[in-house]
Amino acid sequence: QRIEAAAAAGFRAVEFPSPYELDASLLADELAKYALPLVQFAAPAGVSKGIAAVAGREPEFRDGLRQAASYARTLACTDVHLMSGITHEDGAGKVYASNLDYAVKYFEDQGLRPLIEVICTQEMPGYYMSDFSKAQQVLETHVSLGLILDLYHAQLLTGNAADVLAQFFERTVHVQVADCPGRHQPGTGQMDIAGLFATLEQRGYAGWVGCEYRPTGATADSLGWLGQYAS
């Protein structure tokens, strides 16, 4: 039903974090029915918003990669988000680095592109990948790794989403947007969304922009701002 609603609202693609509650072939049929590509989803994330940095979950993490690869083939989607998870363990960095090494190699062999995303602790307390310096380090280590740049998280973490966009543009393969403060639709906060979009256009960004916000009312009623960007 969400896929149908997205098509009815005029969206030309969809993303969602966890497709595993439904049969992959059923989802593929629905996407084809409404001519909507799936542009990214996440590897199985458990109950901790990911497990890539969670000690003791390494076998589950690797099993999840195989399940994600199977869904990716059926859903014709090559971009898979590796969520780090919520953890307070001192050794989380080593666990994350080891799991990421394995995942990057595995996905390369499968023809898939692994993604990371910096998520602010205001929204997700304890989330490991909550610092752009950590992202910089792993992006320098793995050239095939892509970045989901959520401009809302960037604004909350740094106070200047535009600077983050400039710094990480070359590694950004997917953008998400919400206004700040509030994480509602553009136009409800103080962010220069139009300026950020203009930068993306000027720099030749060829990826998608996902609307990852909390509507202030009904979802359909929150989409009026999109009209100025329709093409």
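K.L.:
Hey, could you run me through the packing of aromatic side chains in this one?
P.N.:
Between two aromatic rings, the relevant description is the distance of the centres plus the angle of the planes. Under the defined criterion, the tally for this structure stands at 10 aromatic pairs. Relative to Tyr128, the ring of Tyr96 lies with its centre 5.2 Å away and its plane at 50 degrees, an arrangement referred to as tilted. Remark: Tyr128 occurs in the loop between strand S3 (113-117) and helix H5 (132-141) and Tyr96 occurs in helix H4 (residues 92-110); sequence separation between them is 32 residues. You'll find Tyr96 and Tyr128 in the same group, each marked buried. Ring geometry for Tyr213 and Trp225: centres 6.4 Å apart, planes at 65 degrees, overall edge-to-face. Of the two residues, Tyr213 sits in the segment after strand S6 (208-211) while Trp225 sits in the segment after S6, which places them 12 residues apart along the sequence. On the basis of relative accessibility, which here comes to 12%, the residue Trp225 falls in the buried class. These aromatic residues form a ring-pair network of at least three members: Phe197, Tyr213, Trp225 and Tyr229.

K.L.:
I keep staring at the pattern of salt bridges and nothing clicks. Help me out?
P.N.:
Close approach of charged atoms allows side chains with opposite charge to pair. Under the counting rule described, the total for this entry stands at nine salt bridges. For the salt bridge of Arg113 with Asp79, the shortest nitrogen-to-oxygen distance reads 2.9 Å. Pair noted here: Arg113 is in strand S3 and Asp79 is in strand S2 (residues 79-81), with a separation of 34 residues, a long-range link. Arg183 is the salt-bridge partner of Glu212, the closest N and O atoms lying 3.0 Å from each other. Of this pair, Glu212 sits in the segment after S6 while Arg183 sits in the loop between strand S5 (172-177) and helix H8 (193-202), and the two are 29 residues apart along the sequence.

K.L.:
Please clarify how H8 should be interpreted in this entry.
P.N.:
Working note: α-helix, 3.6 residues per turn, so residues spaced by three or four point in the same direction. Listed in full, the buried residues belonging to H8 are Ile193, Leu196, Phe197 and Leu200. Angular distribution of buried residues about the axis of H8 spans 100 degrees; they occupy a single face of the element. Buried residues along H8 sit against helix H6 (151-158), helix H7 (161-168), S5 and S6. Of the residues one or two after H8, Gly204 is the one with positive phi, at around 80 degrees.

Rules and cut-offs
Residues numbered from 1 in each chain as written. Predicted model: local features only at pLDDT ≥ 70, side-chain atom pairs only at ≥ 80, totals over all residues. Heavy atoms only, no water. Phe/Tyr/Trp six-rings, centres within 6.5 Å; stacked < 30°, edge-to-face > 60°. Helix = DSSP H or I, 4+ residues; strand = E, 2+ residues; numbered from the N terminus. Buried < 20%, exposed > 50% of the residue type's maximum accessible area, 1.4 Å probe, protein only. Salt bridge = Lys/Arg side-chain N within 4 Å of Asp/Glu carboxyl O. Arc of directions from axis to C-beta. Contact = heavy atoms within 4.5 Å.

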